[in-house]
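# Chain and residue survey
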Amino acid sequence: MSTPYMLLTGASRGIGHATVKLFQAHGWRILTVSRHPFSADCRWPAARESHIQADLEDLNGIETLAQTVRERLPEGKLAALVNNAGISPKGPGGSRLGVMATDADTWTRILNVNLISTALLARALAPELFAAKGSVVNVTSIVGSRVHPFAGVAYAASKAALSALTREMAYEFGPYGVRVNAIAPGEISTEILSPGTDKLVETLVPMKRLGTTAEVAKTIYFLCSEDSSYINGAEIHINGGQHV
C-alpha cells in the first residue's frame, strides 16, 4: 500500500502543528505551506524538507505552488488537502475591525488568503486529488455563523463564504470520489488567544473549557480517513457546544 500524502496550509503553529503530528503518527507524508520560512520549532521528522514557503495572498503564485507540490508527489496522488491558513487582522490594541474600520486593502488581503486561494489551490490540484480519491478539509470558524467579540467583519465574512465554498466543492468534486468537508472551531487553546477569552468560555461554552489543538486535529484526521467515507459537504462544529 502506497504512503498517502497530505498538503496542509497554515502549518506554522497551533492547529497546523497538531495536525501534522497526528497524521505522521498514522504513517502519512506531509507537505506544509506557510508564508513564513521553515521554523526550527517544527520538530517532526523531515519537517524542513517538507516545507514550502508561499504567500497565499498572492493569487498569481498559486499555480507555482501547485506545481511544486506535484513535483513532490511520487505517484501523482494527493490523498488530503487541508486548508488551514487564515489571517484575522486587528485594530489598535488588538481591537475588532468592524465595517467602518476595514478598508479595501484589508478586505482583499483577508479574502485572498482565507477564501479565494483555497478555491484556486483545490482547482489547481484537482487532478492529483481525483487520482487519489482524496479528501479536502476546509477550516472555517464559529465566527462564520455569529457575531464574535474578537473576530473582525472581513474575517467573519470570509469564513461564512468558506462554508458555502465547501458545499459547492462537495457537489462538484463528489462525482470524482473526492469528499469535501469543513470543521468550524470555536475557542481553541493556542498561543494567539485574545484577551478576554477565558470570560467568554465561562459564559458561552457549555463545556466550560477551551478546546485543544489535538481535538481539532483528530476531527481533521477522521474526515480524511475511511471512517468518514460517506460524509461529504458537512461542517463539523468543534466548540464545546458554543454554537447551540
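Summarised in this report is the structure supplied together with it. Residue positions within a chain follow its written sequence, with the count starting from 1. Thresholds applied to this predicted model are a pLDDT of at least 70 for local features of residues and 80 or more for the giving and counting of side-chain atom pairs; totals over whole chains, interfaces and linings are not thresholded and use all residues. With hydrogens and water stripped out, all remaining heavy atoms of the structure feed into the side-chain values.

Time to look at the pattern of salt bridges. Salt bridge, as applied in this entry: a Lys or Arg side-chain nitrogen positioned within 4 Å of an Asp or Glu carboxyl oxygen. Within this structure, the stated rule accounts for three salt bridges. Glu63 is the salt-bridge partner of Arg70, the closest N and O atoms lying 3.0 Å from each other. Look at Arg70 and you get partly exposed, because its relative accessible area is 22%. Classification of Glu63 as partly exposed rests on a relative accessible area of 43%. For the salt bridge of Glu128 with Arg70, the shortest nitrogen-to-oxygen distance reads 3.4 Å. Within this pair, whereas Glu128 is found in helix H5 (residues 126-132), its partner Arg70 is found in helix H3 (residues 62-71), the two being separated by 58 residues in sequence. One network of salt bridges, with partners in common, ties together Glu63, Arg70 and Glu128. Partly exposed residues are those whose accessible area sits between 20% and 50% of the maximum for their type, while under 20% is buried and over 50% is exposed, using a 1.4 Å probe and protein chains only. Comment: elements are numbered from the N terminus, with helices defined as DSSP H or I runs of at least four residues and strands as E runs of at least two.

This paragraph deals with the environment of Val137. Along the chain, the position of Val137 falls in strand E5 (residues 135-139). On the basis of relative accessible area, Val137 is assigned to the buried category, the value being 0%. Along the sequence, Val137 and Leu8 sit 129 residues apart, while their C-alpha atoms lie 9.6 Å from each other. Residues contacting Val137, with those up to four places away along its chain left out, are Leu81, Val82, Asn83, Asn181, Ile183, Ile220, Leu223 and Cys224. The contact criterion used throughout is that any non-hydrogen atoms of two residues lie within 4.5 Å.

A word on the pairing of strand E1 (residues 5-9). Where a strand is regular, its side chains alternate between the two sheet faces. By the criterion of burial, E1 is predominantly enclosed, with five of the five residues buried. Side chains Tyr5, Leu7 and Thr9 project from E1 onto one buried face, and the interleaved Met6 and Leu8 project onto a second face that is buried too. At least two DSSP bridges between two strands are needed for those strands to be called paired. Two elements, E1 and strand E2 (residues 29-34), share five bridges in a ladder whose sense is parallel. Pairing of Leu7 across the sheet is with Leu31, part of E2. Where E1 lies against strand E4 (residues 80-83), four bridges are found, and the strand directions are parallel. Paired with Leu7 across the strands is Leu81, a residue of E4.

Next up on the list: the nonpolar core. Residues Leu7, Leu65, Val69, Leu78 and Leu81 are the most contacted members of the largest nonpolar core, which totals 30 residues. Sorting the residues of this core by element identifies E1, E2, H3, helix H4 (104-124), H5 and helix H6 (153-173) as the ones contributing at least two each. Those residues within four positions of Leu78 in sequence are excluded, and the remaining contacts are Tyr5, Met6, Leu7, Leu73, Leu125, Glu128, Leu129, Ala132 and Gly134. Residues belong to one nonpolar core when they are buried, are Ala, Val, Leu, Ile, Met, Phe, Trp, Tyr or Cys, and are joined through side-chain atoms within 4.5 Å. By size, the runner-up hydrophobic cluster in this structure holds 24 residues, among which are Ala11, Val20, Ala80 and Ile188.

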